[in-house]
Amino acid sequence: VGATTRLLELARLEPTDLDAPDATPAPSTGGVTIEDLEIAYDSGVPVLSGASLRVEPGELVGLVGRSGAGKSTLVAALLRFLEPRRGRILLGGQDIASLSKTSLRRAIAVVPQDPALFPASILENIRYGDPTASLEAVEDAARRAHAHDFITALPGGYGAPVGDRGSKLSGGQRQRIALARALLADPSVLILDEATSSQDAESEAAIEAAITAFARTHAVIVIAHRLQTLMDATRIYVLDGGAVAEVGTHEELLTRSGLYQHLYAIQDRRSEP
């Protein structure tokens with residue numbers, strides 16, 4: 001009874017985060033440009049201050065930095081879960097503040113470190129990216145995510161249940177299911193948030209191959225702590241204290257005595273036997 005009371009209270013709430021009457025649909029293609037972005041939480045202290053970056057279709061851009069540098073905040077701003085105090089974000093050349101939030105969030109797909117899978121079949125979990133997709137389209141997305149082979153090897157194939165939060169699958173398999181879901185949605189921008197962390201070598205290689213192929217025609221942002229995964233990135237933005245401290249390729253950043261070189265040196269020492 002107590003839980004039902006709280007649920008009914010929630011159901012009676014009126015939404016306050018509504019689109020403007022003249023909001024327009026998000027463009028179906030295009031990259032992201034962030035200009036002089038400043039965002040603060042309730043404390044008023046900026047979490048992002050003057051951050052600027054860009055990623056065009058056909059580019060894979062890395063985003064790195066210490067914990068608390070503002071990486072997750074930037075993703076939340078891209079999806080308009082947070083509104084900036086200053087600056088703007090463009091998607092396909094249009095200010096996202098002028099776009100409907102539903103279409104914006106359909107145009108940007110996020111694959112998090114711990115993806116949410118539902119206690120349903122693999123088919124239903126992938127099709128969540130596009131509920132109208134045919135079985136052939138689902139299988140194509142799974143192939144591009146390097147998931148089709150292990151799916152068809154399971155008892156039941158695409159009809160196999162994944163269990164609660166994907167408990168019947170390995171971490172690498174869950175990640176590839178989530179990636180297939182994102183690819184099925186065919187977003188303008190794909191964001192991978194630590195998508196290959198804690199994966200075995202085979203799963204990591206499969207996920208990286210799928211991401212690289214998608215990045216040939218789409219804009220891809222990869223948030224990574226393991227800097228070795230960004231060796232082939234078009235550009236890497238290094239966040240420090242809520243601002244972009246460095247920009248360059250993996251090789252360029254290693255030649256500078258900056259934060260990236262410092263973080264890479266630490267990881268390199270940890271990987272030594």
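Residues numbered from 1 in each chain as written. Predicted model: local features only at pLDDT ≥ 70, side-chain atom pairs only at ≥ 80, totals over all residues. Heavy atoms only, no water.

Colleague: Report on the packing of helix H5 (residues 135-144) against helix H7 (residues 171-185), specifying residues and quantitative values.
Modeller: Taken N-terminus to C-terminus, the directions of H5 and H7 make an angle of 125 degrees; their axes are 8 Å apart at the nearest point. Relative to H7, the element H5 is oriented oblique. Note that H5 runs across H7; the crossing there is right-handed. Of the residues in H7, those touching H5 at Ala137, Val138, Ala141, Ala142 and Arg144 are Ala180, Leu183 and Leu184. (Axes fitted to C-alpha atoms, helices over the stretch in contact; angles between N-to-C directions. Helix = DSSP H or I, 4+ residues; strand = E, 2+ residues; numbered from the N terminus. Parallel < 35°, antiparallel > 145°, perpendicular 65-115°, else oblique. Left-handed = near helix turned anticlockwise from the far one by under 90°. Contact = heavy atoms within 4.5 Å.)

Colleague: Can you break down the pattern of salt bridges residue by residue, with the values?
Modeller: All told, the structure shown has nine salt bridges when counted by the stated rule. We note a salt bridge from Asp36 to Arg86, for which the minimum N-O separation is 3.0 Å. Of this pair, Asp36 sits in strand E1 (residues 32-40) while Arg86 sits in strand E4 (residues 86-91); the two residues are 50 residues apart in sequence, bridging distant segments of the chain. For Arg80, the salt bridge goes to Glu83, with nearest N and O atoms at 3.0 Å. The class for Glu83 is partly exposed, based on a relative accessible area of 41%. Overlapping salt bridges, with partners in common, bring together Asp36, Glu38, Arg85 and Arg86 in one network. (Salt bridge = Lys/Arg side-chain N within 4 Å of Asp/Glu carboxyl O. Buried < 20%, exposed > 50% of the residue type's maximum accessible area, 1.4 Å probe, protein only.)

Colleague: Tell me what's going on with the side chain of Ser103, and back it up with residues and numbers.
Modeller: Mapped onto the fold, Ser103 is located in helix H3 (residues 101-107). Once you skip the residues sitting within four places of it in the chain, Ser103 turns out to touch Thr24, Pro25 and Ala26.

Colleague: For the sheet that holds strand E5 (residues 94-95), give the residues involved together with the corresponding values.
Modeller: Reading across the sheet, the four strands line up as E2-E1-E4-E5 and stay open at both edges, with antiparallel pairing between neighbours. Each end of this open sheet is capped by a strand with a single partner; those strands are strand E2 (46-55) and E5. As defined by bridge partners, E1 adjoins E4 across five bridges and the pair is classed as antiparallel. In the strand pairing of E4, Glu35 is matched with Arg88. Where helix H2 (residues 71-78) meets the sheet, its contacts fall on E1, E2 and E4, and the angle it forms with E1 comes to roughly 110 degrees. (Pairing = 2+ DSSP bridges.)

Colleague: Report on the sheet that holds strand E10 (residues 243-248), specifying residues and quantitative values.
Modeller: The pairing of strands in a sheet comes from backbone hydrogen bonds and takes either a parallel or an antiparallel form. If you walk across this open sheet you meet the six strands as E6-E7-E8-E3-E9-E10, and the pairing is mixed. If you trace the sheet from one side to the other, it starts and ends with strand E6 (108-111) and E10, each paired once. On average, adjacent strands in this sheet sit at an angle of 20 degrees to one another, irrespective of strand direction. Of the strand pairs in this sheet, strand E7 (residues 189-193) and strand E8 (residues 219-223) are connected by five bridges, and their pairing is parallel. Within E8, the residue paired with Ile191 across the bridge is Ile221. Its contacts with the sheet put H2 on strand E3 (60-65), E6, E7, E8 and strand E9 (235-240), and the angle it makes with E3 is roughly 135 degrees. The sheet strands contacting H7 are E6 and E7, and the helix crosses E6 at an angle near 180 degrees.

Colleague: Before we move on, could you go through H7 and cite the residues and values that matter?
Modeller: Spanning 15 residues, H7 covers 22 Å between terminal C-alpha atoms, matching the ideal 21 Å at 1.5 Å per step. Most of H7 is tucked away: 12 of the 15 residues are buried. When we look at burial in H7, the residues that qualify are Gly172, Gln173, Gln175, Arg176, Ile177, Ala178, Leu179, Ala180, Arg181, Ala182, Leu183 and Leu184. Tucked into the core, H7 has its buried residues touching E6, helix H4 (122-127), H5, helix H6 (148-153), E7 and helix H8 (201-214). Asp186 occupies a position one or two residues after H7 and carries a positive phi of about 50 degrees. (Expected span 1.5 Å × (residues − 1).)

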